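Observations on the model geometry
As a plain string of letters, each chain reads:
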Amino acid sequence: MSWLVVKTKHKSEQKAMLNMERQGFTTFLPMVNVEKITRGKKVHVKEPLFPGYLFTKYDEHCQQFQAKIRSTLGVTQVVSFGLEPAKAHDHIIDSIRYKLEITPEQPVFNTGDVVVVKSGPFSGVDGIFECSSGEERAIILLKILESQTRMELGFDEFEVKS
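Report follows, based on the coordinates. All values reported here derive from a predicted model rather than from experimental measurement. (Residues numbered from 1 in each chain as written. Predicted model: local features only at pLDDT ≥ 70, side-chain atom pairs only at ≥ 80, totals over all residues. Heavy atoms only, no water.)

In this section: the pattern of salt bridges. Throughout the structure, instances matching the rule amount to four salt bridges. Put simply, Lys57 and Asp90 hold a salt bridge, and the shortest N to O gap is 2.8 Å. One end of the pair, Lys57, is in strand 5 (residues 53-58); the other, Asp90, is in helix 3 (residues 90-102), and 33 residues separate them in sequence. Owing to a relative accessible area of 25%, Lys57 belongs among the partly exposed residues under this scheme. (Salt bridge = Lys/Arg side-chain N within 4 Å of Asp/Glu carboxyl O. Helix = DSSP H or I, 4+ residues; strand = E, 2+ residues; numbered from the N terminus. Buried < 20%, exposed > 50% of the residue type's maximum accessible area, 1.4 Å probe, protein only.)

Bringing the layout of surface pockets into the picture now. Counted as a void, the second largest pocket has a volume near 200 Å³. No other element matches helix 1 (residues 13-22), which puts three residues into the lining of the second largest pocket. When the residues that make up the lining of the second largest pocket are grouped by side-chain class, the tally is two nonpolar, five polar and six charged. (1 Å grid on protein atoms, 1.4 Å probe; cavity = no way out; pocket = protein on both sides within 12 Å on 5 of 7 lines; lining within 4 Å. Points joined across faces, edges and corners; volume = space filled by probe spheres on them. Nonpolar A, V, L, I, M, F, W, Y, C, P; charged D, E, K, R; others polar.)

A few words on unusual backbone geometry. Phi is positive for Lys11, which is not a glycine, with a value near 55°. Here Lys11 shows up in the loop between strand 1 (2-8) and helix 1.

Looking at the secondary structure, you find Val116 in strand 11 (residues 114-117). Note on Val116: relative accessible area 15%, which makes it buried. Along the backbone, Val116 and Phe158 are 42 residues apart, and their C-alpha atoms lie at a distance of 5.5 Å.

This next bit is on the packing of aromatic side chains. Remark: the centre distance and the inter-plane angle together describe each pair of aromatic rings, the angle taken between the planes. Evaluated as defined, the whole model comprises five aromatic pairs. A ring pair is formed by Phe50 and Phe55, whose centres lie 6.1 Å apart and whose planes are at 85°; its orientation type is edge-to-face. Assessed through its relative accessible area of 33%, Phe50 is described here as partly exposed. Consider the rings of Phe129 and Phe158, whose centres lie 6.3 Å apart with planes at 35°: the pair is tilted. Placement of Phe129 in strand 12 (residues 126-132) and of Phe158 in strand 15 (residues 158-160) is noted, with a sequence separation of 29 residues between them. For Phe129, a relative accessible area of 3% translates into the label buried. Counting every residue linked through ring pairs, the aromatic cluster contains Trp3, Phe28, Phe50 and Phe55. The ring of Tyr53 has Lys7 lying over it, and the distance from NZ or CZ to the ring centre is 4.9 Å. The aromatic ring of Phe28 is capped on one face by Arg97, whose charged end is 4.3 Å from the ring centroid. (Phe/Tyr/Trp six-rings, centres within 6.5 Å; stacked < 30°, edge-to-face > 60°. Lys NZ or Arg CZ within 6 Å of the ring centre and 35° of its normal.)

Put into C-alpha cells, the structure is as follows:
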C-alpha cells in the first residue's frame, strides 16, 4: 500500500478529507500550529502543512478508486506524472507524522515585520524580519550605528514588536 497525493480546491482540504473519509478512504492531512498576527493580536491557528493537498491510502490494484477520488466534493484531481499517479510510500508519511509530533510550534513572521531582540548582546534592539534561514533561525536586519546590519538569530531570540 502507498499513499496518493490529492489536490484539493482552494482552502477545501478539510472538506475534501471529510468527504473522502465518508466514502471509506483513509486520509492524512498534516496540520501545523502557527502563530499569526491578526488585527494586531497574536492568534494560534492550525493550517495544512501542504496547503491544497492531502494524502489518501491507495491499493495499487484498484484503478477505479482514482475516478471516485476525483469526483469527491472538495477534490480537484489526483496528482500524477503523466498517466502515473504521484505516490508517497508509508515511510514518507510516517516521517511527516513523526516530524509534526516533535517539532515545537513556530511563530510565523512576514518579511518586513518589525521585531525586537529578546536576549543576547542586542537585547532591546529593533529590527526588521527579512526571511527564515532554516527551521530554527531567521535573518533579521538590525539598525546598529545608523546602518542596517544583517544578523542570523534563533526564532526564540526575537519577537514581533508590540
